[in-house]
Amino acid sequence: MSRRTASLPPAYFAELYAADPDPWRFATSDYECEKYAATLAALPRPRYRSALEVGCSIGVLTRALAGRCDALLALDVVPAALDAARARCADQSHVRFAECRVPGAWPEGRFDLILLSEVVYYLDQADLAALVGRLREALEPGGDLLLVHWTGETDYPLSGDEAAESVIRCSAGFARVRHRARAERYRLDLLRRADG
């Protein structure tokens, strides 16, 4: 399988959602359910003051994460996915949503939790480096950064392992790995801001 060389554009995802409102079966897949449980279990704190979820899709993980946050901002590039996420989290007044293509656009504010679940491998190396610059600006001192990546074969610009290892390497000046876990089809990497 040949790899794409450039970051995937919003149109790529919009086409997937136009064909299927849940293209990855986030709401029904046993794999996703187990991975979401592992994602929440990997968070070392019972509660976060202000969290950012990049790539929220239809909001299945967003809804589960909302119970651990005083405030949660969830981003995606596809309006239809955001509409579904808003509907799923309609009773969660502390959850906000925004259409945003990172790293070119980025929300204001600082966060004590940033979650990048199955999104970094859609970026090329230049955008990944820019993303790490955004993370450096937005992650509060002592804040947690959680990476989750599918490790199977794809045609994305980066593999799951390449994406995770690149973020870890590029953020070494301000964040340290606190926990790693590998399942059969995905990996989780928890980093904590260590400078200042």
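The notes below deal with the structure included here. (Residues numbered from 1 in each chain as written. Predicted model: local features only at pLDDT ≥ 70, side-chain atom pairs only at ≥ 80, totals over all residues. Heavy atoms only, no water.)

## Here we look at helix H6 (residues 160–170)
Just so we agree on the cut-off: Each residue is placed in one exposure class: buried if its accessible area under a 1.4 Å probe, protein chains only, is under 20% of its type's maximum, exposed if it is over 50%, and partly exposed if it falls in between. Helical segments are the DSSP runs of H or I of at least four residues, strand segments are the runs of E of at least two, and each set is numbered from the N terminus. When checking whether two residues touch, look at their non-hydrogen atoms; a contact exists if any pair is within 4.5 Å.
Those residues of H6 that sit buried are Gly-160, Ala-163, Ala-164, Ser-166, Val-167 and Ile-168. Buried residues belonging to H6 abut helix H5 (125–138), strand E5 (139–150), strand E6 (175–182) and strand E7 (186–193).

## Things to note about the nonpolar core
Inclusion rule: Remark: nonpolar core denotes a set of buried residues (Ala, Val, Leu, Ile, Met, Phe, Trp, Tyr, Cys) joined through side-chain atoms within 4.5 Å.
If you look at the biggest cluster of nonpolar residues, it comprises 67 residues, and the most contacted ones within it are Ile-114, Leu-116 and Leu-145. Those residues in contact with Leu-145, other than ones at most four positions away along the chain, are Ile-114, Leu-116, Leu-135, Leu-139, Val-167, Asp-189, Leu-190 and Leu-191.

## Observations concerning unusual backbone geometry
Each neighbour pair has its own omega, and for Val-102 with Pro-103 the value is 5 degrees, a cis peptide bond. Of note in this structure, Arg-25 is not a glycine but carries a positive phi near 60 degrees. Summarising the element assignment, Arg-25 is placed in the loop between helix H1 (10–19) and helix H2 (30–42). With phi around 55 degrees, Glu-118 is a residue other than glycine that occupies positive phi space.

## Comments concerning the environment of Asp-70
Here is the rule: N or O atoms closer than or at 3.5 Å make up a polar contact, with two conditions inside protein: a donor-capable atom paired with an acceptor-capable one, and, for residues adjacent in sequence, both atoms drawn from side chains.
Mapped onto the elements, Asp-70 comes out in the loop between helix H3 (60–66) and strand E2 (72–76). Residue classification places Asp-70 among the partly exposed positions, given a relative accessible area of 44%. With residues up to four places along the chain from it excluded, the contact list for Asp-70 reads Arg-47, Tyr-48, Arg-49 and His-94. There is a polar contact of 2.7 Å between the side chain of Asp-70 and the side chain of Arg-47.

## As for the sheet that holds E6
Our working rule: Should DSSP find at least two bridges between two strands, the strands are taken to pair. Comment: axis = line fitted to C-alpha atoms, over the contacting stretch for helices; angle = value between 0 and 180 degrees taken between N-to-C directions.
An order of E3-E2-E1-E4-E5-E7-E6 is seen for the seven strands of this open sheet, with the pairing classed as mixed. One side of each edge strand has no neighbouring strand; the edge strands of this open sheet are strand E3 (95–99) and E6. Going across the sheet, the axis of each strand differs from the next one's by a mean of 15 degrees, ignoring polarity.

## Brief notes about the pairing of strand E4 (residues 111–117)
As a reminder of what qualifies: Handedness of a crossover is defined as follows: orient the strands so they point away from the viewer, and if the path from the first strand over the helix to the second runs clockwise, the crossover is right-handed.
The buried fraction of E4 amounts to seven of the seven residues, a majority that puts the element mostly inside the structure. Pairing between strand E1 (residues 51–54) and E4: four bridges, direction parallel. Within the sheet, the bridge partner assigned to Ala-51 lies in E4 and is Leu-113. As paired elements, E4 and E5 share six bridges and run parallel to each other. Along E5, the bridge assignment pairs Phe-111 with Leu-139. One crossover worth recording links E4 to the parallel E5 by way of H5, and it is right-handed.

## Comments concerning the packing of H5 against H6
The criterion, for reference: An angle below 35 degrees is read as roughly parallel, one above 145 as roughly antiparallel, one from 65 to 115 as roughly perpendicular, and any other as oblique. We call a crossing left-handed when the near helix sits turned anticlockwise from the far one by less than a right angle, and right-handed when that turn is clockwise.
With their axes 10 Å apart at the nearest point, H5 and H6 run at an angle of 45 degrees to one another. In terms of axis orientation, H5 runs oblique to H6. Judged by the sense of rotation from one axis to the other, the crossing of H5 with H6 is right-handed. Where H5 approaches H6, its residues Gln-125, Leu-128 and Val-132 are matched on the opposing element by Ala-163, Ser-166, Val-167 and Cys-170.

## Observations concerning the pattern of salt bridges
Should their charged atoms come close, side chains of opposite charge can pair. Under the convention used in this document: One side-chain nitrogen of Lys or Arg within 4 Å of one carboxyl oxygen of Asp or Glu is enough to make a salt bridge.
In the structure shown here, the tally under the stated rule is 17 salt bridges. Taking the shortest distance from any N to any O, the salt bridge between Arg-86 and Asp-83 comes out at 3.5 Å. Of this pair, Arg-86 and Asp-83 both sit in helix H4 (residues 79–88), three residues apart, which is roughly one turn of that helix. Overall, Asp-83 belongs to the partly exposed group, its relative accessible area being 48%. Residue Asp-144 pairs with Arg-192 through a salt bridge whose shortest N-O separation is 2.7 Å. Of this pair, Asp-144 sits in strand E5 while Arg-192 sits in strand E7, placing them 48 residues apart in sequence. We note that Asp-144, like Arg-192, is buried. Among the charged side chains, a network of salt bridges with common partners joins Asp-161, Glu-165, Arg-180, Arg-182, Arg-187 and Asp-189.

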